Amino acid sequence: GGWRGPHRRRKESGGQAAVRQEQSGAMELRRTVQICRFHLLLLQRKKDLWLLSAPNCRHHSASQPPSSRTQRGLLKKMFLGVALGIPLFGGVRYVLAEKQERRKMRLLVDGVGRFVRSVGLGVQISLDYWWTNHILLRGLSENSPEYKAVVSKCHQRAADTIVNGAIQNGGLYVKLGQGLCAFNHLLPPEYINTLRVLEDKALKRGYKEVDELFLEDFKVRPDQLFLEFDYQPIAAASLAQVHRARLQDGTPVAVKVQYIDLRDRFNADIRTLELLLQIVEMMHPSFGFSWVLKDMKGTLAQELDFEIEAHNGERCARELEHFSFVVVPRVHWDKSSKRVLTADFYEGCKINDTEGIRRQGLHPKDVSLGR
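These numbers were taken from a predicted model, which means no experiment stands behind them. (Residues numbered from 1 in each chain as written. Predicted model: local features only at pLDDT ≥ 70, side-chain atom pairs only at ≥ 80, totals over all residues. Heavy atoms only, no water.)

Draft legend 1. Region of the structure containing the overall build of the protein. Assigned secondary structure in the protein consists of 14 helices and 5 strands. Counting only residues that meet the buried cut, the protein has 32% of its 371 residues in that class. Counting only contacts in the protein whose residues sit at least 6 apart along the sequence, the fraction spanning at least 24 positions is 54%. Approximately 24900 Å² of the protein is accessible, and the part contributed by carbon and sulfur atoms is 58%. (Helix = DSSP H or I, 4+ residues; strand = E, 2+ residues; numbered from the N terminus. Buried < 20%, exposed > 50% of the residue type's maximum accessible area, 1.4 Å probe, protein only. Contact = heavy atoms within 4.5 Å. Areas by Shrake-Rupley, 256 points an atom, 1.4 Å probe, with all protein chains shown as cover.)

Draft legend 2. Fine view of the packing of aromatic side chains. For the coordinates displayed, the defined rule picks out 6 aromatic pairs. When the centroid spacing of 6.0 Å and the interplanar angle of 80° are considered together, the rings of Tyr207 and Tyr231 count as edge-to-face. Placement of the pair is Tyr207 in helix H8 (residues 207–218) and Tyr231 in the loop between strand E1 (228–229) and strand E2 (235–236), with a sequence separation of 24 residues. With relative accessibility at 48%, the residue Tyr207 sits in the partly exposed group. Measuring from ring centre to ring centre gives 6.4 Å for Phe214 and Phe226, while their planes differ by 75°; the resulting arrangement is edge-to-face. Note that Phe214 is positioned in helix H8 and Phe226 in the loop between helix H9 (222–225) and E1, a separation of 12 residues in sequence. One exposure class covers both Phe214 and Phe226, and it is buried. In textbook terms, an aromatic cluster arises when at least three aromatic residues are bridged by ring pairs, as seen for Tyr207, Phe214, Phe218, Phe226, Phe229 and Tyr231. Geometry around Phe306 places Lys256 over its ring, the cationic atom sitting 4.9 Å from the centre. (Phe/Tyr/Trp six-rings, centres within 6.5 Å; stacked < 30°, edge-to-face > 60°. Lys NZ or Arg CZ within 6 Å of the ring centre and 35° of its normal.)

Draft legend 3. Examining the environment of Ala240 more closely. In this fold, Ala240 is placed in strand E3 (residues 240–246). Owing to a relative accessible area of 6%, Ala240 belongs among the buried residues under this scheme. Taking the C-alpha atoms as reference, Ala240 lies 8.5 Å from Gly171; in sequence the two are 69 residues apart. Each residue touching Ala240, except ones within four places of it in the same chain, is listed here: Lys256, Val257, Gln258, Tyr259 and Phe306.

Draft legend 4. Geometry of the pattern of salt bridges. Scanning all chains against the criterion turns up 17 salt bridges. The partner of Glu355 in a salt bridge is Arg358, with the nearest N and O atoms 3.7 Å apart. On the criterion of helical spacing, the pair formed by Glu355 and Arg358 is a turn pair, its members being 3 residues apart in helix H13 (residues 354–359). The exposure class of Glu355 is partly exposed, given its relative accessible area of 46%. Overall, the relative accessible area of 45% leaves Arg358 in the partly exposed class. Salt bridges sharing partners connect three or more residues here, namely Arg114, Asp261, Arg265 and Asp269. (Salt bridge = Lys/Arg side-chain N within 4 Å of Asp/Glu carboxyl O.)

Draft legend 5. Layout of a nonpolar patch on the surface. Judged by side-chain polarity, Val112, Phe115, Val116, Leu275, Ile279, Met282 and Met283 come together as a nonpolar surface patch covering roughly 660 Å² of accessible area. Sorting the residues of the nonpolar patch by element identifies helix H4 (99–136) and helix H10 (262–283) as the ones contributing at least two each. With 4 residues, the single largest contributor to the nonpolar patch is H10. Tracing the chain through its elements places Val112 in helix H4. Since its relative accessible area comes to 51%, Val112 is described here as exposed. (Patch = residues over 30% accessible without salt bridge, like charges linked within 9 Å, V, L, I, M, F, W, Y side chains within 5 Å.)

Draft legend 6. Examining the pairing of E3 more closely. The pairing of E1 with E3 spans 2 bridges and is classified as antiparallel. Looking at the pairing, Glu228 lines up with Arg246 of E3. The antiparallel hairpin formed by E2 and E3 contains 3 residues in its connecting segment. (Pairing = 2+ DSSP bridges.)

Draft legend 7. Structural context of the nonpolar core. Among the nonpolar cores identified, the biggest contains 33 residues, and Leu172, Tyr191, Leu195 and Leu198 are the most heavily contacted of them. Counting residues per element, the ones that place at least two in this core are H4, helix H5 (145–169), helix H6 (172–180), helix H7 (189–195), H10 and helix H11 (290–303). When residues in this core are grouped by element, the largest group, 6 residues, is from H5. Residues contacting Tyr191, with those up to four places away along its chain left out, are Tyr129, His155, Ala158, Ala159 and Ile162. Formed by 14 residues, the second largest nonpolar core is a distinct cluster that contains Val210, Leu225, Ala245 and Val253. (Core = buried A, V, L, I, M, F, W, Y, C linked by side-chain atoms within 4.5 Å.)

Draft legend 8. Geometry of unusual backbone geometry. Of note, the phi angle at Lys219 is positive, near 70°, even though the residue is not glycine. Turning to its location among the elements, Lys219 is positioned in the loop between H8 and H9.

Draft legend 9. Broad picture of H11. Helix length check: H11 (14 residues) gives 20 Å between terminal C-alpha atoms against 20 Å at 1.5 Å per residue, within 8%. By the largest-angle criterion, Lys297 marks the main kink of H11, which is about 40°. Close packing links the buried residues of H11 with H6 and H10. (Expected span 1.5 Å × (residues − 1). Bend = angle between axes of the 7 residues up to and from the residue.)

As structure tokens, this is what we get:
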């Protein structure tokens, strides 16, 4: 018995030293590495770890290289700088730019909006036709009145959407809609009757834009160039709007003023329309009308040059001067430019306005026969 006591004490003393050494190591490990409770117990081996769920470690090693933290901080600063710098740079450049440069910058932003709006309308129309063909018309006979009514409503919705989008976008979009009106032998009557609105209806521009255009082309405002100038247009079409005015000698004239941004947005609108028509052909092969735009593209650029129109008017007057009942308005070149056309004003009506023809004391047959 005497020999066992000291030996046991020596063993206990060694065990306590080992425990202290283990605890010291764990404390040192805890100081150097920040870990979760699950992995701490795993290292200490004091509990049945599988009774615990292993959470995600959200901490990082204290010994993590500082270079990685520096890189992440640098990336955040770069991203923040780009996000704030680009709008700030654009705003400063817009403020310092000249009027024409500002207009081009606005056109760039507006062009993105027109593109997104056009794509959205195209998708809306395509989905409407798909829903009509695959859902609403299911089980209906093609010759039944119900079938025809459903198809007619779908055509009408599509035509209304096209008209609204064309008026909002303006310019070449309205011109394309007018061109589609000529295909009354191809398009459903709902399209033709609705698209005719675009022949005389377009967004009217304000007086500030008219003043800006005259200042660029004539260096004076229209109310300074003419004796009288009515800023309220009497007609607005796809490329221009018409104002009544009087020359300094009192002669009444019609002043055709082109929309100031048409030349700048021409190429972008053409590319957008080509893309949209290609998408329509891919989704609906039987409704391919991209060839319409191809035929129009060659003449649209010429229509933007009012000097060509003025020369054609003078040529027409020379060739028809032997007809006493034909009047071609005289062009006033000193009040005209590539974007402004000034000619004598005459009261009249459209050739297909039979009521207007009768109000002038004429008979529609006389007009058709040229009497």
